[in-house]
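# Close look at the chain arrangement
For reference, the chains in residue letters:
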Amino acid sequence: MFSPLGPPLDVLTKTKSQSRPAHRSSKSTSQPPEAASPAARAAISLEYASLRNRSHCPLGLYVVPTAETLLVWDAVLFIHQGYYADSILKFKLTFPYNYPERPPAVQFINDVFHPLISSSGTFALTPQIRAWRPNQHHVFDVLHFIKAAFKRDVLDKIEEADCLNKEAYKYHESTTSFAALATQTSSLSQSDTALYDKGQFSMKTKPAHAIHFAKLKVKTLKEERERLGFREWQLD
């Protein structure tokens with residue numbers, strides 16, 4: 001069964017030297033994080049393992065450590081309701097070398113119009129976690145807040161001082177305009193250039209992402225439907 005957490009860590013370790021992003025031939029321009037201490041690596045490994053608890057990894061969110069380093073995780077969030085309905089948003093979590101003393105940094109790969117997301121993709125955790133407390137706050141707290149941040153009730157409570165995008169904060173003044181821009185975010189996230197990483201300049205200038213999508217061929221889709229026992233839709 002497909003796991004939202006990707007392969008176990010022991011599989012990642014065994015295949016690390018062979019693993020490469022699906023269709024990237026060029027080297028990533030992002031700089032690797034500083035080497036983690038053994039304690040940090042152990043803490044991050046435990047955090048990843050704990051996400052297999054059903055209540056820890058939010059529904060609709062998929063995450064996997066990169067092949068290059070355990071300190072960087074790639075993730076994708078599928079949003080089904082609200083202003084950002086049908087959005088498919090990729091982001092990265094980058095852990096500091098001395099984790100859990102400091103929190104992971106969150107950066108979205110897609111261009112997202114949101115009060116807590118800057119033009120460079122940086123996501124603000126401050127509305128949920130004012131002061132990071134080691135061993136009290138965990139990665140699942142971060143992931144749950146990322147998902148919650150796109151819901152109406154959380155957007156209503158965001159304070160301007162916490163916003164990285166002041167223009168998006170004007171949501172409180174005109175929900176109609178905000179809804180239109182959020183819908184645009186959703187549409188762009190589903191475009192071929194964003195979803196399949198096809199030649200979009202704004203995507204190329206951002207860090208490489210290990211989770212890739214590919215269009216399913218009609219023949220393959222038919223075979224999978226037959227294998228799973230799905231029936232074709234019957235039109236009246």
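How each quantity is defined
- Residues numbered from 1 in each chain as written.
- Predicted model: local features only at pLDDT ≥ 70, side-chain atom pairs only at ≥ 80, totals over all residues.
- Heavy atoms only, no water.
- Pairing = 2+ DSSP bridges.
- Helix = DSSP H or I, 4+ residues; strand = E, 2+ residues; numbered from the N terminus.
- Axes fitted to C-alpha atoms, helices over the stretch in contact; angles between N-to-C directions.
- Contact = heavy atoms within 4.5 Å.
- Salt bridge = Lys/Arg side-chain N within 4 Å of Asp/Glu carboxyl O.
- Buried < 20%, exposed > 50% of the residue type's maximum accessible area, 1.4 Å probe, protein only.
- Core = buried A, V, L, I, M, F, W, Y, C linked by side-chain atoms within 4.5 Å.

## Things to note about the sheet that holds strand β4 (residues 105-108)
Here four strands make up an open sheet; going across it, the order is β1-β2-β3-β4 and the pairing antiparallel. Either end of the sheet is taken by a strand with one partner, and the two such strands are β1 (61-65) and β4. If you compare each strand with its neighbour and ignore which way they point, the axes differ by 20° on average. Pairing of β1 with strand β2 (residues 72-78) involves five bridges; the strand directions are antiparallel. Counterpart to Leu61 in the pairing with β2 is Leu77. On top of the sheet, helix α3 (residues 139-148) reaches β1, β2, β3 (88-94) and β4; it is set at about 150° to β3, its chief contact.

## Observations concerning the pattern of salt bridges
Taken as a whole and assessed by the stated rule, the structure comprises five salt bridges. Two residues, Glu167 and Lys170, come together in a salt bridge whose shortest N-O distance is 3.5 Å. Taking relative accessible area as the criterion, Glu167 reaches 47% and is therefore assigned partly exposed. According to the relative accessible area criterion, Lys170 is partly exposed, its value standing at 40%.

## A few points about the pairing of β3
Of all seven residues that make up β3, six are buried, and the element is covered over most of its length. Both β2 and β3 contribute to a ladder of seven bridges, which runs antiparallel. Looking at the pairing, Asp74 lines up with Lys92 of β3. Across four bridges, the pairing between β3 and β4 is antiparallel. Among the inter-strand pairings, Lys92 is bridged to a residue of β4, identified as Gln107.

## What to know about the side chain of Ser118
Residue placement: Ser118 occurs in the loop between β4 and α3. Judged by its relative accessible area of 17%, Ser118 is buried.

## Things to note about the nonpolar core
Counting residues in each nonpolar core, the largest one holds 55 residues, and the members touching the most others are Trp73, Phe91, Leu93, Phe108, Phe123, Ile146 and Phe150. Every element with two or more residues in this core is listed here: α2 (38-50), β1, β2, β3, β4, α3, α4 (152-157) and α6 (175-189). Tallying contributions element by element places α3 first for this core, with six residues. When residues no more than four places from it in sequence are discounted, the contact partners of Ile146 are Leu77, Phe91, Val106, Phe108 and Phe123.

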